[in-house]
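Fold and geometry: a report
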Amino acid sequence: MRNLPIVLLVLVLASALVAPAVISDFNLRLATLALHTSIAVIGLCIAFGWTGLLHLGQAAFVGIGAYASAILTTRAGLGFWTTMPIALLASGLVALCIAVPMLRLRGHYLALAVLGFNVTFEIVARNWTKLTGGFDGITDIPPVFFFGWLIEGDKGFYYLSLFFVVIVALFGTALRHSRYGRAMIAIRDDELAAGTSSVDVTRIKVLAFVLASVLAGLSGSLYAHHATFIAPQDFEFGRSVTILVMLILGGESSVAGAIIGSVILTFLPELLRFLGDYYQAVFGVLILLILIVMPNGLVGQVQSWRARWAKGRSNG
Amino acid sequence: MSAQVLQLAINALAAGCIYAVVALSVEIAYESTGVVNFAAGQLVTAGALIGLSAVAYTKFNFLPAYLLVIVGMSMIGIVFLICVYLPLRRQSVLTIVIGTVGVGIFIQNVMLLTWGPLPKSVRSPMGSGAIKFGDVSVSLHVLYVIGVTALLIIGMYLLLYRSSLGRQFRATAQDPEAATLMGIRVKQLYALNWILVCVLSGIAGLLFAPMWLVDVTSGDNIGLKAFAAIMIGGFGSVPGAILGGIIVGAIEIFGAFYVSSAFKDALVFALMFLFLLVRPQGIFGERAADRA
């Protein structure tokens, strides 16, 4: 049983690899969406789950990545592999400009500033028509070439997204167990104590926030090329809330939880389609239920069950 | 000053009053529980829409209709206390803040199901008349908004700073445990807190509705601007919330006229960011940094 997590991981990866052959085109499209969204959720896991920064504007950073990629490919004719790094850089730089002044302040200042930034981003995307296409957004974003292969349609994009999710998940796991990851957790648990234990609190917070945004940028760049069409409402404040709920549903301090949460919440509107117009109201209640019933998310819940089970066995 | 500037100024003051009332509501929740109430905007819409139905139900008897709204908003406050605040009270403040986001989504979509998506026009109890001062024409509703806001501010001041209840309220905000030891009934005060928060937001809804069209999303923007108002005026300061509200109203109305109506809200947030950069404690606010 000690190898259970590894066995599970291999099983999940294997089924993820064969999934496109089995599931319908529509579900494949959703699965692809869930995969590249989960990159932004892992980003949020770094900033919120580990470092404790209440970040209500992740969608804006996804948007910066998406618009950077879309504008550069449609206007300048650059390819995905050139624009994607630029998109990451753009998201990261904007985040750096926000983070440096904001992160010296108490938590709610960051939350409100980032919320304000998300709303401002929407206003600019809607009204700076020359650059962003305004309300109509940007259409005909070209597909991706991968070593000469044309990646078009959902199957190719599914594997491309899976590839990036695996890399980001490995990076996240390595980060979590590094000096930096431990410093982040220390800040979340007790900022003052972390500071006196010679953790450079502000620097680590800035690092976490910028990393979160860089990953959001990657997610956005993939989103733009997958959807081939982006518009301002894809990156509004409500989307930031959805990304946050994905994280708390899966388990706010776990990379696996981030992926699980984004898969569930991407498919949930389809599974609950019978609710019709009631879905959004139910979604609001769902948020409260998660917070009240399992504040550590699905992964945290399973961990506490396992702990209880192990304890029960050693006692019996 | 030209008549046009005066005209804009009085409209700015009226809009600012509405932001100030919402900011006051957010500020009270923050002071007493540490929670930033992200459902404020949706509560404003709820006040406006419940008001719309109540006024129609009482056949344009505004006084009983508005009493109904206050009762309705108080009930929302109590439901919020029982279903959200009390279950989450022992968890971190961040969790409660996310809870208020969930409440906002819930309220907004229940309203969408109840009142539908179409914008509605709402009548003012003052009718649609206006008074002329020279070249400046001021609608009665605008004067009424300014008057009600002034009364609310005075009322809140007396309640919080000149009554025994207010002293208990502030004591609980500072240290709930010590307050319990002093024999203060903390739970009742939490109830009072959330009732005040909801009623104030609801009144802001009643005030704004006749000035603009109302739909289920119209409060969202008002809530966001109330947050900007608090950041500008200073977190943790009641006068700051009021002054911040009026500044935000002024930027919005003058910005829309002289700069760009598409970017008027961006101007508000730009000023908010400027304050965060240069004077994060706002005009009157608390110490903004955790450490020196």
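Structure: above.
This report concerns the structure included in the present document. Please read these numbers as outputs of a predicted model, since none were measured by experiment.

The subject of this paragraph is the overall build of chain B. Helix and strand content of chain B: 11 helices and two strands. Reading the helices (α) and strands (β) of chain B from amino to carboxyl end gives α-α-α-α-β-β-α-α-α-α-α-α-α. In terms of overall size, chain B behaves like a compact globule, its C-alpha atoms giving a radius of gyration of 19 Å where 292 residues would be expected to give roughly 19 Å. Reported as C-alpha extents along the three principal axes, the dimensions of chain B are approximately 60 × 50 × 35 Å.

A separate point is the overall build of chain A. In terms of helices and strands, chain A carries 14 helices and two strands. Residue burial in chain A is summarised as follows: out of 316 residues, 50% are buried. Of the contacts made within chain A by residues no fewer than 6 positions apart, 77% connect residues no fewer than 24 positions apart.

Residue and element names in this part refer to chain A. With respect to the helices and strands, Gly 238 occurs in helix α11 (residues 237-250). Accessibility expressed as a C-beta count within 10 Å gives 17 for Gly 238, which makes it partly exposed. With 182 residues separating them in the primary sequence, Gly 238 and Leu 56 have C-alpha atoms 9.2 Å apart.

Another aspect to go through is the packing of helix α6 (residues 164-174) of chain B against helix α8 (residues 186-208) of chain B. All names here are of chain B. Here α6 crosses α8 at 100 degrees, and the two axes come no closer than 10 Å. Comparing their axes, α8 and α6 come out roughly perpendicular. Residues Gln 168, Phe 169 and Thr 172 of α6 form the contact with α8, whose own contacting residues are Val 186, Leu 189 and Leu 192. A per-class count over the contact of α6 with α8 returns four nonpolar, two polar and no charged.

Taken together, the 36 residues of chain B in the interface contact 35 residues of chain A. Of all the secondary-structure elements, those providing two or more residues to the side of chain B that touches chain A are α3 (62-88), α4 (93-115), α9 (218-233) and α11 (264-278) of chain B. Looking at the side of chain B that touches chain A, the element that brings in the most residues is α4 of chain B, giving 13 residues. The class makeup of the residues in the side of chain B that touches chain A is 28 nonpolar, five polar and three charged.

Another point: the pairing of strand β1 (residues 130-133) of chain B. In terms of strand pairing, β1 of chain B meets strand β2 (residues 136-139) of chain B through four bridges, oriented antiparallel. Bridged to Ala 130 of chain B within β2 of chain B is Ser 139 of chain B.

Residue and element names in this part refer to chain B. Between its terminal C-alpha atoms helix α5 (residues 140-161) stretches 31 Å, which fits the 32 Å expected from 22 residues at 1.5 Å a residue. The complete set of buried residues in α5 reads His 141, Val 142, Val 145, Thr 149, Leu 152 and Met 156. Take α5 and look down its axis: the buried residues cluster within an arc of 100 degrees, on one side only. Away from the buried face of α5 by more than 90 degrees, exposed residues Gly 147, Ala 150, Leu 151, Ile 154, Gly 155 and Leu 158 are located. Those residues of α5 hidden inside the fold are in contact with α1 (3-33), β2 and α8.

Now for α3 of chain B. Residues lying three or four places apart along an α-helix face the same way, a consequence of the helix completing one turn every 3.6 residues. Spanning 27 residues, α3 of chain B covers 37 Å between terminal C-alpha atoms, matching the ideal 39 Å at 1.5 Å per step. The largest bend along α3 of chain B measures about 40 degrees and falls at Leu 81 of chain B. Buried within α3 of chain B are the following residues: Ala 65, Tyr 66, Val 69, Met 73, Ile 76, Gly 77, Phe 80, Leu 81, Val 84, Tyr 85 and Leu 88 of chain B. In the core, the buried residues of α3 of chain B are packed alongside α13 (279-293) of chain A together with α2 (40-57), α4 and α8 of chain B.

Residue and element names in this part refer to chain B. Mapped onto the elements, Val 148 comes out in helix α5. A count of 17 C-beta atoms within 10 Å places Val 148 in the partly exposed class. Separated by 55 residues in sequence, Val 148 and Ile 203 place their C-alpha atoms 9.3 Å apart.

Residue and element names in this part refer to chain B. Relative orientation of the contacting elements α1 and α5 amounts to 35 degrees, with a least axis distance of 9 Å. In this structure, α1 crosses over α5, and the sense of that crossing is left-handed. For the pair formed by α1 and α5, the contact residues are Ile 10, Asn 11, Leu 13, Ala 14, Cys 17, Ile 18, Ala 20, Val 21 and Leu 24 on the first element and Val 142, Val 145, Ile 146, Thr 149, Leu 152 and Met 156 on the second. Residues belonging to the contact of α1 with α5 are distributed by class as follows: 13 nonpolar, two polar and no charged.

Glycine aside, the phi torsion of most residues is negative, and most peptide linkages are trans. Residues and elements named next belong to chain A. With phi around 55 degrees, Asp 140 is a residue other than glycine that occupies positive phi space. Note that Asp 140 resides in the loop between α6 (129-132) and β1 (144-146). Assessed through the 9 C-beta atoms surrounding it within 10 Å, Asp 140 is described here as exposed. Positive phi is not limited to glycine here, since Ser 198 has a value of about 55 degrees. The residue Ser 198 is located in the loop between α9 (191-196) and α10 (201-227) in this model.

What follows is about the environment of Ser 221 of chain A. All names here are of chain A. Locating Ser 221 in the fold gives a position in helix α10. By the C-beta count within 10 Å, which is 33 here, Ser 221 ends up buried. In this structure the C-alpha to C-alpha distance between Ser 221 and Asp 189, which are 32 residues apart in sequence, comes to 33 Å.

Definitions and cut-offs
Residues numbered from 1 in each chain as written. Chains lettered and ligands numbered in written order. Predicted model: local features only at pLDDT ≥ 70, side-chain atom pairs only at ≥ 80, totals over all residues. Helix = DSSP H or I, 4+ residues; strand = E, 2+ residues; numbered from the N terminus. Rg over C-alpha atoms; globule rule 2.2 N^0.38 Å. Buried ≥ 20, exposed ≤ 12 C-beta atoms within 10 Å, placed from the backbone. Contact = placed C-beta atoms within 7 Å. Axes fitted to C-alpha atoms, helices over the stretch in contact; angles between N-to-C directions. Parallel < 35°, antiparallel > 145°, perpendicular 65-115°, else oblique. Nonpolar A, V, L, I, M, F, W, Y, C, P; charged D, E, K, R; others polar. Pairing = 2+ DSSP bridges. Expected span 1.5 Å × (residues − 1). Arc of directions from axis to C-beta. Bend = angle between axes of the 7 residues up to and from the residue. Left-handed = near helix turned anticlockwise from the far one by under 90°.

Note that all results are geometric; they support no functional claim without further evidence.
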